[in-house]
Amino acid sequence: MTQANSIQTSNNAPQKKRKAVALISGGLDSLLAAKVIQEQGIHVEGINFYTGFCVEGHTHAIRKKDKDKQKRNNALWVAEQLGIKLHIIDISEEYKDIVLNPKHGYGANLNPCLDCKIFMVNQAQAWAWAEENGFDFIITGEVIGQRPKSQRKETMPIIARESGAEDRLLRPLCAKNLMPTLPEREGWVDREQLYDFSGRSRKPQFELAKKFGFDDFAQPAGGCCFLTDANYSAKLADLWEARGERRYELDDIMLLKVGRHIRPKPNFKLIVSREEGENNFLKGYKKQFTSIHTVSHGGPLTLLDGSFDKEDIKLAAQIVARYSGGKSADAVTVQIENFNGTSYVMDVPPMPAHEVKEEWHV
Ligand code: SF4
């Protein structure tokens, strides 16, 4: 063992330098949790899981109104702040089973937080290199009471147990409220230098961030995951209902993040772009969907999702015309483009605003 890989203990016997894997979401809590452990001389590396439901890098990257917001991958930014290596893993395929069949159910929306945590901790532990490279324990930024479903004192042991991590799972921000874990009992980390945060208040985290000199961390309003968002969950539930089965592809869940979703009939819906950035994004889907755009007036690009006949297309065209610059005109010319590239135009009267029913908006 080299000197760099060992630390001297008080009795001068070299002790192996311990290694921890930190689950890095890109938010403040995981940043702080990793930092707290790093400060104790532990070698930390990060893992960031890509589920497809992450907020950052999509809506913010697409919409023009968010143009002035800095676009960055927050997990990478956290890794850079900490000076640690980050392993980004795409788990979007395996993750479907968690979203579709959560053993422990959903939270307030379609967020399967408890199953998600178990899955992620398990992935971190199961990941071959974690053991091959001698990682000793896992760190998460969980805080008791922060989330009503997954971050309760009673659920913390469930995550540890069902993930298989057992007491090699350390939550540095609330460790003092929990039983000592293996890294604490073995003296790899000093329990006294861990924290006892609990509850929904973020004040202790902000104070700790200040102490460490972090002032530019991500604080997404609705958390980092679309599944906690009520509007997004409603759209996902609508998709399953319309399909008559619970399944999704990555494109489906990407499109749920974009545009106005209007379902005038159970068999199809319109995805209407709300601004230029979304317009450009939806263009990328023109080879997969029938699309409608206005020719005589400026207007949004719209994708049709589902199955539809000529009458349905006419209805859709009228709705599209209502969202165009010609909404008060007698007629608007729209172009219908099939995904195979064939197209035709038609003139339609825009649908009056009051006829676009509230319940059509998903
Ligand atoms: S908010 Fe999303 S990513 Fe976070 S635990 Fe819940 S389901 Fe998982």
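Heads up: the structure comes first, above all this text.
None of the values given here were measured: they were computed from a predicted structure. (Residues numbered from 1 in each chain as written. Predicted model: local features only at pLDDT ≥ 70, side-chain atom pairs only at ≥ 80, totals over all residues. Heavy atoms only, no water.)

**Observations concerning the pairing of strand β4 (residues 43-50)**
Line of reasoning, step 1. Of all 8 residues making up β4, 6 are buried, and the element is well covered by its neighbours.
Line of reasoning, step 2. When strand β3 (residues 19-23) meets β4, the two strands line up parallel, connected through 5 bridges. Across the sheet, the residue bridging to Leu23 is Ile47, located in β4.
Line of reasoning, step 3. Note that the unit made of β3, helix α1 (residues 28-38) and β4 has a crossover that is right-handed.
Line of reasoning, step 4. Here 5 bridges tie β4 to strand β5 (residues 86-90), and the two strands are oriented parallel to one another. Looking at β5, one finds that Tyr50 is bridged to Asp90. (Buried < 20%, exposed > 50% of the residue type's maximum accessible area, 1.4 Å probe, protein only. Helix = DSSP H or I, 4+ residues; strand = E, 2+ residues; numbered from the N terminus. Pairing = 2+ DSSP bridges. Right-handed = clockwise from strand over helix to strand, strands pointing away.)

**Some remarks on unusual backbone geometry**
For residues other than glycine, phi is negative in most cases, and the peptide bonds are mostly trans.
Line of reasoning, step 1. The residue Glu166 is not glycine, and still its phi comes out positive at about 50 degrees.
Line of reasoning, step 2. For Glu166, the location among the structural elements is in the loop between α7 (155-163) and β7 (169-170).

**So, empty space enclosed by the protein**
Line of reasoning, step 1. Summed over the entire model, instances satisfying the criterion amount to 1 cavity of 30 Å³ or more.
Line of reasoning, step 2. The volume enclosed by the largest cavity comes to roughly 40 Å³.
Line of reasoning, step 3. Forming the walls of the largest cavity are Leu239, Asp251, Asp252, Leu255, Leu256, Lys269, Ile271, Phe289 and Asp305.
Line of reasoning, step 4. Of all elements in the fold, only α11 (250-255) and β9 (268-272) reach the threshold of two or more residues within the lining of the largest cavity.
Line of reasoning, step 5. Among the elements that line the lining of the largest cavity, the one with the most residues is α11, at 3 residues. (1 Å grid on protein atoms, 1.4 Å probe; cavity = no way out; pocket = protein on both sides within 12 Å on 5 of 7 lines; lining within 4 Å. Points joined across faces, edges and corners; volume = space filled by probe spheres on them.)

**A few points about the packing of α1 against helix α9 (residues 203-212)**
Line of reasoning, step 1. In contact at an axis separation of 10 Å, α1 and α9 are set at 50 degrees when each is read in the N-to-C sense. Our classification of the angle between α1 and α9 gives oblique. Note that α1 runs across α9; the crossing there is left-handed. From α1, Leu28, Asp29, Leu32, Lys35 and Val36 reach across to α9, where they touch Gln205, Phe206, Leu208, Ala209 and Phe212.
Line of reasoning, step 2. Of the residues in the contact of α1 with α9, the class split is 7 nonpolar, 1 polar and 2 charged. (Axes fitted to C-alpha atoms, helices over the stretch in contact; angles between N-to-C directions. Parallel < 35°, antiparallel > 145°, perpendicular 65-115°, else oblique. Left-handed = near helix turned anticlockwise from the far one by under 90°. Contact = heavy atoms within 4.5 Å. Nonpolar A, V, L, I, M, F, W, Y, C, P; charged D, E, K, R; others polar.)

**Remarks on the nonpolar core**
Across soluble globular proteins, nonpolar side chains show a tendency to be buried alongside one another.
Line of reasoning, step 1. Residues Leu23, Phe53, Tyr95, Val99, Leu227, Leu236 and Tyr248 are the most contacted members of the largest nonpolar core, which totals 38 residues.
Line of reasoning, step 2. The set of elements that each furnish at least two residues to this core consists of β3, β4, α4 (92-100), α5 (113-126), α7 and α10 (230-243).
Line of reasoning, step 3. In contact with Leu227, not counting residues within four places along its chain, are Phe53, Tyr95, Val99, Asn109, Leu110, Asn111, Pro112, Ser233 and Leu236.
Line of reasoning, step 4. Grouped together as the second largest cluster of nonpolar side chains are 36 residues, Leu173, Leu182, Tyr195 and Phe212 included. (Core = buried A, V, L, I, M, F, W, Y, C linked by side-chain atoms within 4.5 Å.)

**Thoughts on the pattern of salt bridges**
Line of reasoning, step 1. Taken as a whole and judged by the stated rule, the model has 17 salt bridges.
Line of reasoning, step 2. Salt-bridge contacts for Lys265 lead to Asp312; the nearest nitrogen and oxygen are separated by 2.6 Å. Note that Lys265 is positioned in strand β8 (residues 260-265) and Asp312 in helix α13 (residues 310-322), a separation of 47 residues in sequence.
Line of reasoning, step 3. In this structure, the salt-bridge partner of Glu278 is Arg274, at a minimum N-O distance of 2.8 Å. (Salt bridge = Lys/Arg side-chain N within 4 Å of Asp/Glu carboxyl O.)

**Re the sheet that holds strand β12 (residues 332-337)**
Line of reasoning, step 1. With respect to topology, 6 strands assemble into an open sheet ordered β8-β9-β11-β10-β12-β13, the strand pairing being antiparallel. With partners counted over all chains shown, the strands left at the sheet margins are β8 and β13 (343-348), one partner each. This sheet shows a mean twist of 25 degrees between the axes of neighbouring strands, independent of strand direction.
Line of reasoning, step 2. Against the sheet, α10 engages β8, β9 and β11 (302-306), with an angle of about 30 degrees to β8.
Line of reasoning, step 3. Where α13 meets the sheet, it contacts β8, β9, β10 (290-294), β11, β12 and β13, and its direction lies at approximately 65 degrees from that of β13.

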